[in-house]
Amino acid sequence: MFPHTPSPSPYRSAHGYGRQGPHIVIAGGGIAGLTTALALHAAGFERVTVVEAAPAIRPVGAGLNLMPNAVRELDALGLLDALEAGALRTRELRYYHRSGGLISREPRGLGAGYRWPQLSVHRGHLQQVLAGAVRARLGQAALVTGVRVCGVDPLPGGRPRLRLEHRAGSVHGRASLEADVLVGADGIRSAVRAALHPAEGAPPWNGTLIWRGVSRVPARTVGPAMFIAGDDRQKAVVYPMSRPTGPGGEVLVNWALARPAAGTGTAADPRGAGDPDAAGAAEGDERLLGDWNRPVPVEAFLPFYEGWEFDGVSVPALLRAADSAHVYPMVDREPLDRWTHGRTTLVGDAAHAMYPIGSNGATQSIVDARALAHALALHPADPAEGLAAYERARRPVTTALQRANREFGPEVVINLAHARAPHGFTDIHEVIPAEELAAIACRYAATGAFDPTTVNQGSPYEVPLPAIG
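These numbers were taken from a predicted model, which means no experiment stands behind them. (Residues numbered from 1 in each chain as written. Predicted model: local features only at pLDDT ≥ 70, side-chain atom pairs only at ≥ 80, totals over all residues. Heavy atoms only, no water.)

### With respect to the overall build of the protein
Turning to step 1, where the next piece is worked out: What the protein contains, in helices and strands, is 14 helices and 21 strands.
Turning to step 2, where the next piece is worked out: Just so you have it, the protein exposes about 18,900 Å², and 52% of that area is on carbon and sulfur atoms. (Helix = DSSP H or I, 4+ residues; strand = E, 2+ residues; numbered from the N terminus. Areas by Shrake-Rupley, 256 points an atom, 1.4 Å probe, with all protein chains shown as cover.)

This is the structure in structure tokens:
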């Protein structure tokens, strides 16, 4: 089921494992896992297998933003043209108070001085681009669907033995596989992470619910900018993510709405006193914490956002235009003090799931992938040391972002505006000085090392040929 003949890597294979190098298994075929496979192939590793629990890679989900540092890495992998064919360059971000007052407007991507754009894109399009590239470059058999990693056992010397479950229709089975390296890219409820940290338990819920969906509307009704609006209790994030198509010039618009569940207090104190209603919102089932695919009727939350309109963009009108909506509890993971055990490590949400603030979930997963491949290529004789080097480089950055997002990251400007002027304002700079607004944005960018100066230096993850040849 797993051996395959990949297309040649751009570089020579890593030393010490025969002609084709080590067998690296990636658990999870999402953004983190697929990008990791492509990054490893570009760095000279030819025996890479991605196992994905879903029976097929399908274009599902909602939208996401990719910051310029992630776009830089996708460009280095030769994916930018294909990605941009179904994405939109985000040129501006606006923050509004729920009263309608503009808090700030910031240029994004090229307009902010980056060498690469910021992209708004449907998650399904990004995943299809990545999956297509994996199959084209590593071979069709490199991406195995319908197979889940359900456990990991360490072997002498640090190699992992994977316990697998697979299903094809009504046929279920179990198997095991010994890999040279295992990368856990299996999301917030990662089985690989659970094997490494068996006492951790379910991801913690902060008491807030998020509703998400995609609407197709005339471009003139939404405008070109991304905006985040609200107060200290509830917020709305809205952005177009496609170019106008069709006779009416329609665009795809992503929206995400956040509000504390009943009885859980304000967003500033989301845990509140708690009550059965709040537990019922997550259905009292730990398995639903981190489940992004629970459908809900728009009418269930539309009343909370009646009257929300910002520069002519009506949030209720967008909601009514949606084909469907989904709800999930806002959860993250506690930062770990260790990702890597022997020849097993974590990337993406499996390593550092964070609140969906600051456009950093998918962005940091993509950077993880490139950093991991780079570190392994620089330590071809000792994968364990390569994984340890990757963790030393990435874990401090993502831990800082996890903690910053718990404090609302750059969106804290909305909370500040509401705390200082709850009924609205005429001039935001009488409420929050321009210097303070700028400092908040700069501080967050510096935390994640995605300020223009750092990003524009180019990718630090290009593999020098002598390192692997």
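### Section: unusual backbone geometry
Turning to step 1, where the next piece is worked out: One non-glycine residue, Asp 311, adopts positive backbone phi at about 50°.
Turning to step 2, where the next piece is worked out: A relative accessible area of 58% places Asp 311 in the exposed class.
Turning to step 3, where the next piece is worked out: Backbone geometry places Ser 359, a non-glycine residue, at a positive phi of 55°.
Turning to step 4, where the next piece is worked out: Along the chain, Ser 359 turns up in the loop between helix 8 (349-352) and helix 9 (361-378). (Buried < 20%, exposed > 50% of the residue type's maximum accessible area, 1.4 Å probe, protein only.)

### Considerations on the sheet that holds strand 4 (residues 87-89)
Turning to step 1, where the next piece is worked out: Across the sheet, three strands lie side by side as 3-7-4; this open sheet has antiparallel pairing. Strand pairing shows two members of the sheet lacking a second neighbour, strand 3 (63-66) and strand 4, which therefore form its edges. Averaged over all neighbouring strand pairs, the angle between strand axes comes to 25°, with direction disregarded. (Pairing = 2+ DSSP bridges. Axes fitted to C-alpha atoms, helices over the stretch in contact; angles between N-to-C directions.)

### Overview of the packing of helix 1 (residues 31-42) against helix 4 (residues 123-138)
Turning to step 1, where the next piece is worked out: In the contact formed by helix 1 and helix 4, the axes pass within 9 Å of each other and the chain directions differ by 35°. Of the two possible hands of crossing, helix 1 and helix 4 adopt the one that is left-handed. Here Ile 31, Leu 34, Thr 35, Ala 37, Leu 38 and His 41 of helix 1 come into contact with helix 4, specifically with Arg 123, Leu 126, Gln 127, Leu 130, Ala 131, Ala 133, Val 134, Arg 137 and Leu 138.
Turning to step 2, where the next piece is worked out: Class assignment of the residues belonging to the contact of helix 1 with helix 4 gives a composition of ten nonpolar, three polar and two charged. (Left-handed = near helix turned anticlockwise from the far one by under 90°. Contact = heavy atoms within 4.5 Å. Nonpolar A, V, L, I, M, F, W, Y, C, P; charged D, E, K, R; others polar.)

### Some words on the sheet that holds strand 10 (residues 160-168)
Pairing between the strands of a sheet is mediated by backbone hydrogen bonds and can be parallel or antiparallel.
Turning to step 1, where the next piece is worked out: What the three strands build is an open sheet, ordered 9-10-11; its pairing is antiparallel. The sheet is open, and its two edges are formed by strand 9 (147-154) and strand 11 (171-178), each paired on a single side. The mean inter-strand angle of the sheet, taken between neighbouring strand axes irrespective of direction, is 20°.
Turning to step 2, where the next piece is worked out: For strand 10 and strand 11, the ladder comprises eight bridges, and the chain directions are antiparallel. What sits directly across from Ala 168, in strand 11, is Val 171.

### Remarks on the side chain of His 352
Turning to step 1, where the next piece is worked out: Here His 352 lies in helix 8.
Turning to step 2, where the next piece is worked out: Excluding residues that lie within four positions of it along the chain, His 352 makes contacts with Arg 193, Trp 339, Gln 364, Asp 368, Thr 398 and Gln 402.

### Structural notes on the environment of Phe 301
Turning to step 1, where the next piece is worked out: Locating Phe 301 in the fold gives a position in the loop between strand 17 (294-295) and strand 18 (309-310).
Turning to step 2, where the next piece is worked out: Separated by 44 residues in the primary sequence, Phe 301 and Leu 257 have C-alpha atoms spaced 9.1 Å apart.
Turning to step 3, where the next piece is worked out: Each residue touching Phe 301, except ones within four places of it in the same chain, is listed here: Trp 211, Trp 255, Leu 257, Val 296, Leu 319 and Ala 325.

### Focus: the packing of aromatic side chains
Turning to step 1, where the next piece is worked out: Considering all chains together, one arrives at ten aromatic pairs under this definition.
Turning to step 2, where the next piece is worked out: For the pair Trp 255 and Phe 301, a centre-to-centre distance of 5.9 Å together with 45° between the ring planes defines the contact as tilted. Of the two residues, Trp 255 is situated in strand 16 (residues 250-260) and Phe 301 in the loop between strand 17 and strand 18; the sequence distance between them amounts to 46 residues.
Turning to step 3, where the next piece is worked out: Given a relative accessible area of 1%, Trp 255 falls into the buried group.
Turning to step 4, where the next piece is worked out: Residue Phe 301 is classed as buried on the basis of its relative accessible area, which comes to 0%.
Turning to step 5, where the next piece is worked out: Put simply, the rings of Tyr 96, Phe 227, Tyr 305, Trp 308 and Phe 310 touch in pairs and so form one group of aromatic residues.
Turning to step 6, where the next piece is worked out: Geometry around Phe 408 places Lys 235 over its ring, the cationic atom sitting 5.3 Å from the centre.
Turning to step 7, where the next piece is worked out: The residue whose ring lies beneath Arg 259 is Phe 304, and the NZ or CZ to ring-centre distance is 3.8 Å. (Phe/Tyr/Trp six-rings, centres within 6.5 Å; stacked < 30°, edge-to-face > 60°. Lys NZ or Arg CZ within 6 Å of the ring centre and 35° of its normal.)

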